Amino acid sequence: MSSWVNRVLVIGLGLIGGSLAKALREQNAGACIVGYDRDEKEMQTGLRLGVIDEMATGLPEEVSRADLIVLAVPVKATEAVLEQIKPHLTDGTILTDVGSTKGNVVEAAERVFGTVPNTFIPGHPIAGSEKSGVAAADSQLFNGYKVIITPLPDSDPDATAKVDQMWRYTGAEVLSMDVARHDEVLAATSHLPHMLAFSLVDTLAREEENLDIFRYAAGGFRDFTRIAGSDPTMWHDVCLANKEPLLRQLDRFTAGLARLRTAIEEGDGDMMLGTFTRAKAAREHFSRILSDTASSNNMNNENVIFRAQPGGSVAGTIRVPGDKSISHRSIMLGSLAEGITEVSGFLEGEDALATLQAFRDMGVVIEGPNQGKVRIHGVGLNGLQAPPGPIYVGNSGTTIRLLSGLLSAQQFDTELSGDESLAKRPMERVAKPLRLMGAEIETGEGGRPPLKITGGQPLKAIHYDMPMASAQVKSCLMLAGLYADGTTSVTEPAPTRDHTERMLQGFGYAVDVEGSKVSVSNGGKLTATEIDVPADISSATFFLVAAAIT
Ligand code: NAP
């Protein structure tokens, strides 16, 4: 990209236009920042507060002199402003906007120009506040927030790069997506929540004695309804501009609320707990993403210095975190059992949590984990439901390999995927024997994840001589064997961990073990139980060493 631009014209000197102008000035973006607003007082305030370098004297001259023009007016005014500036635009002038909806802005540009100029790069900062007007301009408004730009197929790459650079000067992270996707995503994550907040406050405000109701409202109400203080005119415009995607989201939400209403009416505790636990887990996942505190980040990005000094002693009682293999299997078998399985000592690590999330995605109600305690409302061997999308197992090899056996026997299709490091691990070692049983399973390039499993395949029992000793392969085939017609048996060349066979027996399912051969037959059932996950020996070593050296 050649050097950035010399002259930026911001049209609409309100909260967003003013904040952008001020940030560009403070960051020494190297361009003269000119402001234009139909209200001269706003421009004077902007000049006085150091928001802009210059006030536009007349729109036509400023438009013809500008290298980059930012439309920061309400979306509804976009078309009129484009008409106004069109006669004065010179070739190559870059145009962008900040509107909260993008489809209608692009349509407005089409109406004005015939085809959208290839230097028009629509944009939308995902940051704002309930304030408006240039006096509220804040140079830090976008710092650390996201800005979405929505270049069109024919957009000029140089213009796109310059708009991208403009937002990066403000400290924002710039993402790119297409116009339709932007409007769908924003309808779900911004427009719908605003409708709920406006509607909730309005509904309560209409009730008699509403003053009293608000007096008793606590922090939860305040947090949830903060956005009901947003600019009514702007939201009126957004609803009109993004009607179809917003209606789709409102319909989905209304259906969800109706399901919850039915559950409350019928006292359906499983449905309520299912909704709340899934939401709580999703919310925690979302908060981790927002605060960027995923444990892998912490481990990789920080330079930690430990300084050890001799002396002192250790004494105390601790509960060592639970064994990972058993934590995984507790969730899997508890989900397939009939009744409620209570688990204590569950390892709340990312891998076991990936397994827990996978079963939640398949409709199992799982309460917790809370201090290692988990309650699983088992759905029985045939009670799993199709997940809403691909099942993401993060970095967990155990989850993907064991689930592949179980999912090969289900009536629905599934896709299993994981993170970058899991994507390098071989999966044919489970896929091959599963195909011998009649499973339809497709691995990714080089026999690695993702795995695509076609449901509805009748499985037949096989005997499998494992070419390598692997508890994961053995367990995978035993889980498939719960559904396969006949007796499935596996022989291992060397002993491997036998958690699956022991735990199946703990759930009342018959498993035959004869030397190096284990067998299971279909047709049985798992009965819920209590599991106290034993401590994990590798996690215990820290404390063993500490006690030994002091
Ligand atoms: P704002 O504070 O009300 O500023 C809009 C400014 O544009 C006002 O000064 C307004 O003047 C001026 N204006 C309106 N029509 C105009 C026209 N035809 N020609 C010139 N100036 C005109 O609103 P804002 O919050 O900055 O919102 C601006 C845009 O940012 C909207 O498209 C909105 O969707 C988008 N956005 C807002 C937020 C947010 O949280 N506020 C977040 C992301 C994106 P008057 O006061 O005279 O009408």
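Residues numbered from 1 in each chain as written. Predicted model: local features only at pLDDT ≥ 70, side-chain atom pairs only at ≥ 80, totals over all residues. Heavy atoms only, no water.

Asker: Quick one: what's the story with the environment of Ile366, residue by residue and with numbers?
Answerer: Here Ile366 is to be found in strand E11 (residues 365–370). Residues Ile366 and Glu110, spaced 256 residues apart in sequence, show a C-alpha to C-alpha distance of 51 Å. Those residues in contact with Ile366 that sit more than four places away from it in its chain are Thr277, Ile331, Ser335, Leu356, Phe359, Arg360, Val374, Arg375 and Ile376. (Helix = DSSP H or I, 4+ residues; strand = E, 2+ residues; numbered from the N terminus. Contact = heavy atoms within 4.5 Å.)

Asker: Report on the pattern of salt bridges, specifying residues and quantitative values.
Answerer: Pairing between side chains of opposite charge can happen when their charged atoms approach one another. In the structure shown here, the tally under the stated rule is 23 salt bridges. The shortest N-O distance in the salt bridge between Glu173 and Lys146 comes to 3.9 Å. One end of the pair, Glu173, is in strand E9 (residues 173–176); the other, Lys146, is in strand E8 (residues 146–149), and 27 residues separate them in sequence. Of the residues examined, Lys146 reaches a relative accessible area of 37% and is grouped as partly exposed. The residue Glu367 makes a salt bridge to Arg375 at a minimum N-O spacing of 3.1 Å. (Salt bridge = Lys/Arg side-chain N within 4 Å of Asp/Glu carboxyl O. Buried < 20%, exposed > 50% of the residue type's maximum accessible area, 1.4 Å probe, protein only.)

Asker: Could you give me a rundown of the sheet that holds strand E14 (residues 414–417), with the residues and numbers involved?
Answerer: Strand order in the open sheet formed by 4 strands is E13-E14-E16-E15, with mixed pairing between adjacent strands. Looking at strand neighbours, the two that pair on one side only are strand E13 (391–392) and strand E15 (440–442), the edges of this open sheet. As paired strands, E13 and E14 are joined by 2 bridges and run parallel to one another. Of the residues in E14, the one forming a bridge with Ile391 is Leu416. (Pairing = 2+ DSSP bridges.)

Asker: Describe the packing of helix H4 (residues 78–85) against helix H5 (residues 103–113), and please don't skip the residues or the numbers.
Answerer: Orientation of H4 relative to H5, taken along the N-to-C sense of each, is 35 degrees, at an axis distance of 9 Å. At the point where H4 passes H5, the crossing takes the right-handed sense. Contact residues: H4 offers Thr78, Glu79, Leu82 and Glu83, while H5 offers Val105, Ala108, Ala109, Arg111, Val112 and Phe113. By residue class, the composition of the contact of H4 with H5 is 6 nonpolar, 1 polar and 3 charged. (Axes fitted to C-alpha atoms, helices over the stretch in contact; angles between N-to-C directions. Left-handed = near helix turned anticlockwise from the far one by under 90°. Nonpolar A, V, L, I, M, F, W, Y, C, P; charged D, E, K, R; others polar.)

Asker: So, the site of the ligand: which residues are in play, and what are the values?
Answerer: Surrounding the ligand, one finds 24 residues, the nearest of these being Asp37, Arg38, Val73, Ser100 and Gly133. Within the backbone of Ile16, an N or O atom sits 2.8 Å from an oxygen atom of the ligand. In the environment of the ligand, an oxygen atom lies 3.4 Å from a nitrogen or oxygen atom belonging to the backbone of Val75. Those elements that place two or more of their residues in the shell around the ligand are helix H1 (15–26) and strand E7 (123–126). (Near = heavy atom within 4 Å. Polar contact = N/O pair within 3.5 Å; in protein donor to acceptor, adjacent residues only side chain to side chain.)

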